[in-house]
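# Breakdown of the fold
Next come the chains, spelled out residue by residue.
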Amino acid sequence: MAAVVGERAPSTNRWLAALPYVVLALATLPILVLYVWLFYSSFFPRVEGFRPVGDFTFDNWRFLWDPLSVPQMRNRPPIVPLTFNTFIFAAMTSAIGLLVSSMAGYAFSRLRFPGRRMFLGSVLLLHSFPSVTLLIALFVVLRALGLYDKLVGVILVQTAFALPFGIWIMKGFFDNIPWDLEMSALVDGAGRFRTWWRIMLPLVKPGLLALAVLLFVEGWNQFLLPFVFMPSGSQQTLSTLVKGILGEGRFVDYGLLTAVGLYYIAPVLILFVLAQDQLMRIYAGGVKG
Amino acid sequence: MRVALERLTKRFGTVTAVQELDLEVRSGEFVALLGPSGCGKTTTLLMIAGIYRPTTGTIVFGDRRVDHLHPKERGIGMVFQSYALYPHMTVSENIAFPLELQRAITRPDREARVREAAAKVQVDELLDRRPAQLSGGQQQRVALARALVKRPDILLLDEPLSNLDARLRHDMRGEIKRLQKEVGITSIFVTHDQLEALSMADRVAVMRDGRLQAYATPDELYAHPVNRFVAGFIGSPPMNFIPADLAARNGDLVARAQDIELPLPPAQRPRGNAAGATVGVRPEHIAIVAPGEGQAAGEVYVVEPVGREQIVDVQVGGRVLRVVAPPGYGGKIGDRIGLRFAPERLHLFDPQSGDRLA
Ligand SMILES: Nc1ncnc2c1ncn2[C@@H]1O[C@H](COP(=O)(O)OP(=O)(O)OP(=O)(O)O)[C@@H](O)[C@H]1O
Ligand SMILES: [Mg+2]
């Protein structure tokens, strides 16, 4: 029986096996087209629909080496500090988020303390809270703390928004580590902190790496918070620059917009490609390798 | 180092895992905690290790009360049932970990001790491997080396052999026993396998539902079980139990059940005047004889050869008694036979409480 099925299977099932790929490819096509369009419109003076007009040129990328010749860039902070700001913003939210998530996630996973269930519940609740609704309140708080219009303030806000997710993810990774390992470390003579540092953290490394990348990307892509809480410009990030070019009066220079846009998303794309394997694991969890 | 548990109790919410446990382990002694699954063995061990805090009761090492000390202050080495090797460290890093935490030990000193501990359990060839690259038996040896490397006063082992195959289990049984005597370390190990407990331990503590049932040497547990639970748990194949009436006959006391009549020698008579008793007799203390001889008559129900000997189930009256027959025994299903009981090997238990009567 088994042999007969085994022989028949490949020829009839090949098409069936390909089906999901066909469906997925069709569904992905529009998004792919979008990226391709973004890419080539940045190298032509104009694009009508999908058809480029004129000759291949680097003219749209002038903002990198000769920003003063680009009218839209003239009364804005230069691109290099902007990029640097964006990097600091993303890196800091990622680093602080990682530190707090890995400690809080451990505490939620392993320690029994009063109010644990309530805290866990509120973490979930906060995660599903739309941040827009808090803008006014945040504005008041930032003003009161003297952090309004400062990068530090936005970093703190962004990190706070990212924490529920980070804590929840890290708790999941810690939950997957057998208790025996921790008990063993305690018996071997380690204290609680050393156990966390030497045994637990290395075992959740895949989770830490994945979370680091996700938080970084989230920070890099964040538009609303820097836009609202840093209006005056000197500490702006790339996302607000893109918005600025897009919102410049009646005439929008799509060539410039796509070039800046591409410049803006390139690091994220590269990071995703490099960290693909790590990111896969965030939803698999588990102690491996 | 001596270990004494006094009225040790552990509750998890409404579940009482260990109740009023009294146990003393002499310095250098090898003690087994034996009992069925869920009887509180691991909980007891983890309280001794300092992982769980007792609900009530005290734990004494030597003459120092330790029940409020952290695990690291107790001088304990422990082998976990899962071995709990740190997956991200090599074998030598695993073994070195307990030493790393002792500042007084210098690096060269540490390396020497890791090699020494590894050699003692024959894993010195594997020092650069990771736990995932080791067989179960090798992992267990590494766990032993890690537990012993800091020269603890007390060694705790939780079901150290349960993850090994039958052959390896037998080998390791002997090896752990030899190692324990060689190092001379006070050791407590947990097992649910009575054979392991009997063959390895100096004394065995039998537990049931969180309570200590018996605490004695293997010989004593086998020869004079204090109650029916212990009698049934120790020994393989397990003891036969026969509910019987006690009656006087010609000045003798006789235990009587359907198709069985057992005269009780003076030493086996219960104190007081009980009307009934559960008679316990081990399969190896019943001999198969010609029909009409012995104290019972029955019929062979099934014969199971188990290598050296044969286990014969014999139908007597309404019940089946298990008997160990010598290698040459050629009985077949349906044969009519007699059974002879070794009179001095009978155990009498109270039918209600299960306590030993004689
Ligand atoms: N952390 C815990 N929380 C709640 N109940 C527990 C906990 N640990 C153990 N118990 C309960 O306590 C009882 C004893 O458990 P324990 O692990 O000591 O048994 P054991 O004798 O080691 O069993 P096994 O042979 O299966 O390992 C069980 O009923 C168990 O369900
Ligand atoms: Mg257990």
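Cut-off values and rules
- Residues numbered from 1 in each chain as written.
- Chains lettered and ligands numbered in written order.
- Predicted model: local features only at pLDDT ≥ 70, side-chain atom pairs only at ≥ 80, totals over all residues.
- Heavy atoms only, no water.
- Near = heavy atom within 4 Å.
- Polar contact = N/O pair within 3.5 Å; in protein donor to acceptor, adjacent residues only side chain to side chain.
- Areas by Shrake-Rupley, 256 points an atom, 1.4 Å probe, with all protein chains shown as cover.
- Helix = DSSP H or I, 4+ residues; strand = E, 2+ residues; numbered from the N terminus.
- Nonpolar A, V, L, I, M, F, W, Y, C, P; charged D, E, K, R; others polar.
- Core = buried A, V, L, I, M, F, W, Y, C linked by side-chain atoms within 4.5 Å.
- Buried < 20%, exposed > 50% of the residue type's maximum accessible area, 1.4 Å probe, protein only.
- Contact = heavy atoms within 4.5 Å.
- Salt bridge = Lys/Arg side-chain N within 4 Å of Asp/Glu carboxyl O.
- Pairing = 2+ DSSP bridges.
- Axes fitted to C-alpha atoms, helices over the stretch in contact; angles between N-to-C directions.
- Buried area = accessible area lost by both parts, 1.4 Å probe.
- Parallel < 35°, antiparallel > 145°, perpendicular 65-115°, else oblique.
- Left-handed = near helix turned anticlockwise from the far one by under 90°.

## Examining the site of ligand 1
Residue and element names in this part refer to chain B. Near ligand 1, the surroundings consist of Phe-12, Ala-17, Ser-37, Gly-38, Cys-39, Gly-40, Lys-41, Thr-42, Thr-43, Tyr-52 and Glu-159. Contacts to ligand 1 include Cys-39, whose backbone N or O atom sits 3.2 Å from an oxygen atom. Relative to its unbound accessible surface of 630 Å², ligand 1 loses 62% to contact with the protein. In terms of residues, the shell around ligand 1 owes the most to one element, helix H1 (residues 41–49), which gives three residues. Here the shell around ligand 1 is built from residues that sort into four nonpolar, five polar and two charged.

## Things to note about the nonpolar core
Counting residues in each nonpolar core, the largest one holds 87 residues, and the members touching the most others are Phe-63 and Phe-174 of chain A together with Ile-76, Met-78 and Leu-156 of chain B. The residues contacting Met-78 of chain B, other than those within four sequence positions of it, are Val-187 of chain A together with Leu-45, Leu-46, Ala-49, Ala-147, Leu-156 and Asp-158 of chain B. Val-114, Leu-134, Val-204 and Leu-221 of chain B belong to the second largest nonpolar core, which has 47 residues in total.

## Let's talk about the pattern of salt bridges
According to the stated counting rule, one finds 23 salt bridges over all chains in the structure shown. Notably, a salt bridge pairs Glu-261 of chain B with Arg-249 of chain B, separated by 2.2 Å at the nearest N-O pair. One end of the pair, Glu-261 of chain B, is in strand S13 (residues 260–264); the other, Arg-249 of chain B, is in strand S11 (residues 240–249), and twelve residues separate them in sequence. Salt bridges sharing common partners tie together Arg-46, Glu-48 and Arg-51 of chain A.

## Focus on the sheet that holds strand S2 (residues 15–25) of chain B
All names here are of chain B. A sheet is described by the order of its strands in space; here four strands give the open sequence S2-S1-S4-S5, paired in antiparallel fashion. Every interior strand has two partners, whereas the edge strands, S2 and strand S5 (64–65), have only one. By the bridge criterion, seven bridges tie strand S1 (residues 3–12) to S2 in an arrangement that is antiparallel. Along S2, the bridge assignment pairs Ala-4 with Glu-24. Of the strands in this sheet, S1, S2 and strand S4 (56–61) touch H1, which is tilted by about 115° from S1.

## A word on the interface of chain B and chain A
Listed by partner, the interface residues are 24 residues for chain B and 17 residues for chain A. Approximately 1,800 Å² of surface area, both sides summed, lies buried where chain B meets chain A, with 65% of it carried by carbon and sulfur atoms. Where chain B packs against chain A, one counts two salt bridges. Note that Arg-146 of chain B is salt-bridged to Asp-188 of chain A, the shortest N-O span being 3.5 Å. Joining chain B to chain A, the criterion identifies eight residue pairs in polar contact (both at pLDDT 80 or more). Breaking the side of chain B that touches chain A down by element, the ones donating at least two residues are H1, strand S6 (76–79) and helix H2 (91–100) of chain B.

## Here's the deal with the packing of helix H4 (residues 136–148) of chain B against helix H5 (residues 166–183) of chain B
All names here are of chain B. The geometry of H4 relative to H5 is characterised by a closest axis approach of 12 Å and an angle of 15° between their N-to-C directions. When the interaxial angle is binned, H4 and H5 end up roughly parallel. The crossing of H4 and H5 is right-handed. Contact residues: Gly-137, Gln-140, Arg-141, Leu-144 and Leu-148 in H4; Leu-168, Met-172, Glu-175, Ile-176 and Leu-179 in H5. By residue class, the composition of the contact of H4 with H5 is six nonpolar, two polar and two charged.

## Considering helix H11 (residues 238–246) of chain A
Buried residues dominate H11 of chain A, accounting for seven of its nine residues. Looking at H11 of chain A, one finds that the buried residues are Leu-238, Ser-239, Thr-240, Leu-241, Val-242, Gly-244 and Ile-245 of chain A.

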